[in-house]
Structure formats: C-alpha cells, structure tokens
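Commentary on secondary and tertiary structure
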Amino acid sequence: MIPPTPLPTAIVELACADPALAARTHETLLGLSGAPDADSPLVVGNTELRLRRAPVEEGDADAGHRVYFAVDAVAAMRRLLTRRGFPVVDSTVGVIGGSTPLGVAAREAVGEAAHAGDVTGMDHLVFTCDNRDRAVALFGGVFDLDFRLDQPIGDNARQLFFRAGDLIVEVVTAVTSTEPPTPAATSLWGVAWRSTDVEATHARLSSAGLDLSEIRTGRKKGTRIFTVRERALGTRTVIIGPA
C-alpha cells in the first residue's frame, strides 16, 4: 500500500445527530485517546476528521456530510472553481459547494496528529452520484483528481476510481440520468479506514463491544475487510487492510 502523507489529503466532516457519541465511538474505532469534536478535529494519517451537529432526516442520512480536499492556496482554488462553473460558499473549514458537499480547505494540520496505531488513515471514500459523466466532470474536471478506472458493476451502473495523493475516491454512479442535478445528486456514502493488521483491529474492536461483521476477502486483490455496524459513527464504515 502507498505510505501515508504527512499532512491531510482530505477533511471529512460528518454530520451527526449526537457528535459526543460519534466522537466516543470514533475514539474506540481508531484506537485513540482524545476523540474529535466540533472544536478539536483529529488528524489520522491522510485524513482530518471533524464532527458537526446536524439533524439526520430519515432516508437522507448522507446529505449532511462534507468532504474538503486539501490545497495549498484556497483563494486561488476558489477562483478556479468559480471559473469552472462550480459556485462555492464560505464555511468554517474552507469553501464548500453551494449545492454539492465537496470543497477545498488549506493544506495544514489543523488538528493534533494522532499516534499511529493499527488504523493509520483513510483508504478510500465512497460517493454516490446520479450520472457517470457528471461524476467525471465533478471529481476529475472541477477538482483535478486523478481519474484511474471506470468499470461496469451492473445494469446502468458504473464504479469510478479517482486518486488524491494516497487517498482513493470511489464513485458509484448511474450511467445516465435524465433528471436535473439536485443537492443530493452527489453525496458521501461511506468510508474505509486503513488498518495495518485487520485481524488485530477486528479483535480489538470486538473486545470493545462494537458490532462487527466477520472478516472477508476484499474486492481489491490482496486485501481483507470487515464492516463496523455502528450507527453512531454517522456513516457506513469498513476497515480494510492487507491479506
């Protein structure tokens, strides 16, 4: 696997009905002391994790999550995003799309870097999008992510892979859509944290009382994976690592 970068590649801001509970659960998940909260984000390898209080509507749990890609010059990137037809607004983290939960923030360690345990950072983020071409234009064209793979996964569905540093961005999308884009057209669907030892992480989390699936072979060759079935985390969460 690619070694982690010294500064965050992305800031993942999860919308939670109960940030305090989400913080405690993430503290257990990541094997850390000093859980993230609204005032104290946490850097784990290539990712800065933030938790934000937001109402979670039934059937629309993913709508409030936000992801910011780290850049060296926010002001310059803001101008570029605007010229590319992607309107943004200011947020407490950086600038974010007016109707899409993607943005940019300064490339700096705002939070305290966590001591590396068995979970060393984010392996990949999973998004959904209603249209393949819209996803390519957004992630590849607007945000300059490295477009690496496009493969079919079913009728009228494709799986796209982009890379931002050592972070993989996976987008599951319909091939075509005749509907106009909506604020929910693109959303963060789930996250995959990277472990150096999947067996050890599974044993640690099981001992801590978290609800886990069995370890299974990952779709990516040479990996193993398991699901963490804890709603308090705020989004679908898996742990992935070498077989």
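In this report, we go over the structure that sits alongside the text. Just so it is clear, the model here is predicted, and its values are computed rather than measured.

A separate point is helix 4 (residues 198–207). Taken residue by residue, helix 4 has V198, T201, H202 and L205 as its buried positions. Projection of helix 4 onto a plane perpendicular to its axis shows the buried side chains occupying an angular sector of 100°, all on one side. On the buried face of helix 4, the contacting elements are helix 1 (19–30), strand 9 (119–129), strand 13 (186–195), strand 15 (223–228) and strand 16 (236–242). The N-capping residue of helix 4, defined by a side-chain oxygen 3.2 Å from the backbone nitrogen of E199, is D197. Just downstream of helix 4 lies G209, where phi reads positive at about 90°.

Taken as a whole, this structure holds five aromatic pairs when the rule is applied. Each ring, one from F86 and one from F143, has its centre 5.2 Å from the other, and the planes form 75°; the classification is edge-to-face. Placement of the pair is F86 in the loop between helix 2 (74–83) and strand 5 (88–90) and F143 in the loop between helix 3 (132–142) and strand 10 (146–154), with a sequence separation of 57 residues. Relative accessible area serves as the criterion here: at 6%, F143 is assigned to the buried category. Among the aromatic side chains, those forming a connected cluster through ring pairs are F127, F139, F147 and F162.

Inspection of the entire model under this criterion finds 16 salt bridges. The shortest N-O distance in the salt bridge between R66 and E13 comes to 3.5 Å. Of this pair, R66 sits in strand 4 (residues 66–71) while E13 sits in strand 1 (residues 10–16), placing them 53 residues apart in sequence. Where D146 meets R148, a salt bridge forms, and the shortest distance between an N and an O atom there is 3.4 Å. You can call D146 partly exposed: its relative accessible area is 38%. With relative accessibility at 53%, the residue R148 sits in the exposed group.

Tracing the backbone shows G154 in strand 10. Judged by its relative accessible area of 41%, G154 falls in the partly exposed class. When the C-alpha positions of G154 and V175 are compared, they lie 10.0 Å apart, and in sequence the two are 21 residues distant.

The rules we used
- Residues numbered from 1 in each chain as written.
- Predicted model: local features only at pLDDT ≥ 70, side-chain atom pairs only at ≥ 80, totals over all residues.
- Heavy atoms only, no water.
- Buried < 20%, exposed > 50% of the residue type's maximum accessible area, 1.4 Å probe, protein only.
- Helix = DSSP H or I, 4+ residues; strand = E, 2+ residues; numbered from the N terminus.
- Arc of directions from axis to C-beta.
- Contact = heavy atoms within 4.5 Å.
- Polar contact = N/O pair within 3.5 Å; in protein donor to acceptor, adjacent residues only side chain to side chain.
- Phe/Tyr/Trp six-rings, centres within 6.5 Å; stacked < 30°, edge-to-face > 60°.
- Salt bridge = Lys/Arg side-chain N within 4 Å of Asp/Glu carboxyl O.

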